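# Fold and geometry: a report
Each chain, written out:
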Amino acid sequence: MSNDNSVKTGLRESATFDRNTMAEIRRAADTGIYDIRGFGAKRKLPHFDDLLFLGASMSRYPLEGYREKCNTSVTLGDRFAKKPIVLDIPVTIAGMSFGALSANAKEALGRGASIAGTSTTTGDGGMTPEERGQSKKLVYQYLPSRYGMNPDDLRKADAIEVVLGQGAKPGGGGMLLGQKITDRVAQMRNLPKGIDQRSACRHPDWTGPDDLAIKIQELREITDWQVPIYIKVGATRTYYDVKLAVKAGADVIVVDGMQGGTAATQDVFIEHVGIPTLAAIPQAVQALKEMGMHRKVQLIVSGGIRNGADVAKCMALGADAVAIGTAALVALGCNDPRWDEEYQKLGSAAGFYDDYQEGKDPAGISTQDPELMKRLDPVEGGRRLANYLRVLTLEAQTLARACGKNDLRNLEPEDLVALTVESAAMARVPLAGTSWIPGQSF
Amino acid sequence: MKTIDLTSSTVRDLNQALHEQALECTEREWAVTNPKGQHNLAVGLDQKLAVDIHGHAGYFCAGMNKKAHIVVHGNAGQGLAENMMSGTVRVKGDASQAAGATAQGGLLVIEGNAGARCGISMKGVDIVVKGSVGHMSCFMGQSGSLVVCGDAGEALGDSLYEVHIYVKGEVKSLGADCIEKDMRAEHIEELSGLLNRAGVDEDPAAFRRYGSARQLYTFKVDNASAY
């Protein structure tokens, strides 16, 4: 962490005790409590930027970019459900709660996703009429806390996502600090106003995969086997978790890598638990293939997806769709430079803001403050999100056509190479210019 | 009365038939025979039905119940009446762990004993147990009432929010932030009402009351040892 001044003066900063590290030690000494923040892992990790596509040339035919179709639609949950979800694009909106986000933000997500032909997902706070009203396809999360859970909303959902964990905090429950527990949030969660709410990390009425199989049956019985049931796991022991989820009866599996965001969790949790998204996908795909269930139980991948290249790389590694959270919020205006002055007043800056737990978001997204909320116009936000989703799709199609694929799901690991030994080992694709996949062959 | 025999019908048949009553009620009284411990019996009901299950039930019996009056003439497995919204669920025998988990309304009566985590994360339901409850009962309970006529296991009411807990017998230990509170006249009245609704003949004055000390509602450095 050097800068020009240190180079000029010959000062040498410790790589072990850099300024961020020392600032955290001082903060801990000042307050006596761990740092709680939002966003996802900020450390550098092997990621999709470490992969490249091998475009078509002599040995592969490319498709014409503006003339030949490249299918983007995907059907999710046709294993058991009478009404699987059909999406126009394979980019969904990840679960984010009303409470963590403002009602306007939830509405904007619903509007944008519906324009683009994809689904949104509730979160740890129940289903709001705004969200159900604007989301043509809505996935209802079934979380350990069961805040706002009720059979009427369950039957209104287009799919149910049983959440076992999330990438930002596998093994941890949700957290919503008192500043954001307004009357409406408190009422929906049946909690006293203004308390620091700590969601459970384990489901209250089942433990283990055998119980989960019975729980899934219960949800199917309550909804008369109409809608798909997803299982969402934070990426850790992904190979085993996916196998158990398939065995428990999931229609769709959602794997959330450690770059996945959160509204509030301990920094130590965000940065030190879980595995990168890149490492999780091959594990999940291997598990599905070994069970003969790849493409039969669909795989949704999330955690750090930012552009169409990331989408295409996920799909080339074997995902059926992806989910975005942080990127969707950025599209709505999170961390936008136009609010920089106000971010500065909060001790942050545009591009750095992660104190979602405080409820003071100048962009009106991760807040329950009625005045701040007004800054986000849900119609305009929805339009921006739809634009962004279209760009992700167009970019992914561009890359797929270049690889000669007329369907995003025809992308395959063979289309990829890795730039680093680490990413080659994790993604299980060869190091560029070699046929070497570390751990598999020499 | 309509009878569904689970030796010749499936659980799917049973639940579908009961769900169809939500749209148009053609039969209010239902009997379920030969349940043989099957899971997910009478889940997701949404009608004022009277359902008698003659035998033991497995996991999640009466899950998410609305309006219906369900009686299990036997024991019930894990997650009995989980997330119940309204209506009444009565078990003549014992109930396994997590009975009444996250339930938001209605009345759950367990005439025998309940296992661990009875009333975990309860959100408004009233639970009356004629026997004893296992450890960690009412863990993270948010609202509603838990009445235990027998004893309570370890860590009763751990991380409690606003549930009213009444126990007649011995409490092995209290969980974090759960304390004994004064039994005032309004609590005697509330408990008396709960016992009457449950059809349980006990003297309210013989019970002790427990609730949240509300010390863990916000993060405080001084409470670090409790987390």
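Residues numbered from 1 in each chain as written. Chains lettered and ligands numbered in written order. Predicted model: local features only at pLDDT ≥ 70, side-chain atom pairs only at ≥ 80, totals over all residues.

### Some remarks on the nonpolar core
The condition that has to hold: Each nonpolar core reported here comprises buried Ala, Val, Leu, Ile, Met, Phe, Trp, Tyr and Cys residues connected via C-beta atoms within 7 Å. Exposure classes come from backbone-placed C-beta atoms, where a residue is buried if 20 or more other C-beta atoms lie within 10 Å of its own, exposed if 12 or fewer do, and partly exposed in between. Once C-beta atoms are placed from the backbone, any two residues with those atoms within 7 Å are in contact.
Counting 204 residues, the largest nonpolar core has Ile253(A), Val322(A), Leu108(B) and Val147(B) as the members making the most contacts within it. The residues touching Val322(A), leaving out its near neighbours within four places in the chain, are Pro90(A), Val91(A), Ile300(A), Val301(A), Ser302(A), Ile305(A), Val311(A) and Cys314(A).

### Focus on the interface of chain B and chain A
Our working definition: A helix here means a DSSP run of H or I that spans at least four residues, while a strand means a run of E at least two residues long, and both kinds are numbered starting from the N terminus. Only Asp, Glu, Lys and Arg are considered charged in this grouping, and only Ala, Val, Leu, Ile, Met, Phe, Trp, Tyr, Cys and Pro are considered nonpolar; every other residue, Gly among them, is considered polar.
At the interface, 38 residues of chain B touch 22 residues of chain A. Every element with two or more residues in the side of chain B that touches chain A is listed here: α1 (11-23) and β7 (123-129) of chain B. Tallying contributions element by element places α1(B) first for the side of chain B that touches chain A, with five residues. Tallied by class, residues from the side of chain B that touches chain A come to 14 nonpolar, 17 polar and seven charged.

### Concerning the sheet that holds strand β8 (residues 143-148) of chain B
All names here are of chain B. Heads up, the condition is: In this scheme, strands are said to pair when DSSP sees at least two bridges between them. Structural elements are reduced to axes, namely lines fitted to C-alpha atoms, with helices fitted over the stretch in contact, and the angle between N-to-C directions of any two is expressed from 0 to 180 degrees.
Read across the sheet, eleven strands follow the order β1-β2-β3-β4-β5-β6-β7-β8-β9-β11-β10 without closing on themselves; strand pairing throughout is mixed. Lying at the two open borders of the sheet, with one neighbouring strand each, are β1 (2-5) and β10 (178-181). Each neighbouring strand pair of the sheet contributes to a mean axis angle of 15 degrees, computed without reference to strand direction. As judged from the four bridges shared by β10 and strand β11 (residues 208-212), these two strands associate in the antiparallel manner.

### Quick notes on unusual backbone geometry
If you check the backbone angles, Trp225(A) has positive phi at about 60 degrees while not being a glycine. Here Trp225(A) shows up in the loop between α7 (208-222) and β11 (229-234). Despite not being glycine, Asn40(B) shows a phi value in the positive range, around 60 degrees. When you line up the elements, Asn40(B) lands in the loop between β2 (29-33) and β3 (50-54).

### Here's the deal with the confidence of the model for chain B
Note the following rule: pLDDT is a per-residue confidence score from the predictor, ranging from 0 to 100.
Residues with a pLDDT of 70 or more make up 97% of chain B, whose mean pLDDT is 96. Scoring of the predicted complex yields 0.95 for pTM and 0.96 for ipTM.

### Remarks on the domain arrangement of chain A
In plain terms, the rule: Throughout, the edges of the domains are those of an automatic or database domain assignment.
Segmentation of chain A into domains returns domain 1 (4-33) and domain 2 (40-332 + 361-427). Placing the centre of domain 1 of chain A and that of domain 2 of chain A at their C-alpha centroids yields a distance of 36 Å.

### So, the packing of α7(A) against helix α8 (residues 238-248) of chain A
Residue and element names in this part refer to chain A. Inclusion rule: Small angles under 35 degrees read as roughly parallel and large ones over 145 as roughly antiparallel, with 65 to 115 read as roughly perpendicular and the rest as oblique. A clockwise turn of the near helix away from the far one marks a right-handed crossing, whereas an anticlockwise turn of less than a right angle marks a left-handed crossing.
The geometry of α7 relative to α8 is characterised by a closest axis approach of 8 Å and an angle of 40 degrees between their N-to-C directions. Classified by the angle their axes make, α7 and α8 are oblique. Two packed elements cross with a definite hand, and for α7 against α8 that hand is right-handed. Contacts between α7 and α8 involve Pro209, Leu212, Ala213 and Ile216 from the first element and Leu244, Lys247 and Ala248 from the second. Residues that form the contact of α7 with α8 fall into these classes: six nonpolar, no polar and one charged.

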